[in-house]
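# Fold and contact review
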Amino acid sequence: MLHLGRLRVLCEVVRRGSFSVAAESLSYTQSAVSQAIARLESEVGATLIVRDRRGVRPTDAGATLVAHAQEIFARVEAAEADVGAVLGLRSGKLRVASFPSAGATLMPLAVAEFRARHPGVALTLAEGEPEEIAPRLRAGEFDLALLFEFPGVRERPTVGLRSTRLLDDPMPASVRCGSLT
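None of the values given here were measured: they were computed from a predicted structure.

Cut-offs and rules
- Residues numbered from 1 in each chain as written.
- Predicted model: local features only at pLDDT ≥ 70, side-chain atom pairs only at ≥ 80, totals over all residues.
- Heavy atoms only, no water.
- Helix = DSSP H or I, 4+ residues; strand = E, 2+ residues; numbered from the N terminus.
- Buried < 20%, exposed > 50% of the residue type's maximum accessible area, 1.4 Å probe, protein only.
- Contact = heavy atoms within 4.5 Å.
- Areas by Shrake-Rupley, 256 points an atom, 1.4 Å probe, with all protein chains shown as cover.
- Core = buried A, V, L, I, M, F, W, Y, C linked by side-chain atoms within 4.5 Å.
- Pairing = 2+ DSSP bridges.
- Axes fitted to C-alpha atoms, helices over the stretch in contact; angles between N-to-C directions.
- Parallel < 35°, antiparallel > 145°, perpendicular 65-115°, else oblique.
- Left-handed = near helix turned anticlockwise from the far one by under 90°.

### Some remarks on the overall build of the protein chain
When its secondary structure is counted, the protein chain shows seven helices and five strands. Sorting the 181 residues of the protein chain into buried and exposed places 29% on the buried side. Excluding contacts between residues fewer than 6 apart, the proportion of contacts in the protein chain whose partners are at least 24 apart in sequence is 57%. Accessible surface for the protein chain amounts to roughly 12,900 Å². Of this, 55% is attributable to carbon and sulfur atoms.

### Side note on the nonpolar core
General note: in soluble globular proteins, nonpolar side chains tend to be found buried as a group. Among the nonpolar cores identified, the biggest contains 19 residues, and Leu10, Val13, Phe19, Ile37 and Ile49 are the most heavily contacted of them. Secondary structure elements with two or more residues in this core: α1 (4–16), α2 (19–26), α3 (30–44) and α4 (60–86). Looking at this core, the element that brings in the most residues is α1, giving five residues.

### Here we look at the pairing of strand β1 (residues 49–52)
Summarising the sheet, β1 and strand β2 (residues 55–58) pair through four bridges and their orientation is antiparallel. The partner of Asp52 across the bridge, within β2, is Gly55. From the end of β1 to the start of β2, which pair antiparallel, there are two residues.

### Some points on the packing of α1 against α3
Where α1 contacts α3, the two axes come as close as 9 Å, and the packing angle between them is 115°. One element, α1, and the other, α3, form an angle in the roughly perpendicular class. When you trace α1 past α3, the crossing you get is left-handed. Touching Arg6, Leu7, Val9, Leu10 and Val13 of α1 are Val33, Ala36, Ile37, Arg39, Leu40 and Glu43, all from α3.

Put into structure tokens, the structure is as follows:
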């Protein structure tokens, strides 16, 4: 059976492109990261990481395992979130993303209210455009995202996501009026 801790190390090495940067990110020693990868390769019976002068990259087997691991971690986090909901959100974490203007206007009030109601929950925020955030939400990197869509536009980032319409935001146009000469 694959060990979740070693799978997380593999994902971090691939994500960071370096054993030492992954070790720092995970608060491990580089030796511990190397040993975890070696042990995982032994368990799988295949080389998962290739090292060259540009850094590290996954083999085909490594990339396949990382893709599955990311899905597994998303499911584990979803399970943790569901249990947290049952327990009344006394502890845990909530990862939220929004587009920049919402981050400056709407999110501060929402964050303050959430923290007042759930002081034991660690809240992290990220910003980006909807086309960046939506795939990361689908992949399980975020638990909740505040996105926008324009009516009539073909690109709809919320397709396939469970969505709740919060508000309609009119978009006023401003024009400088003056004499045309």
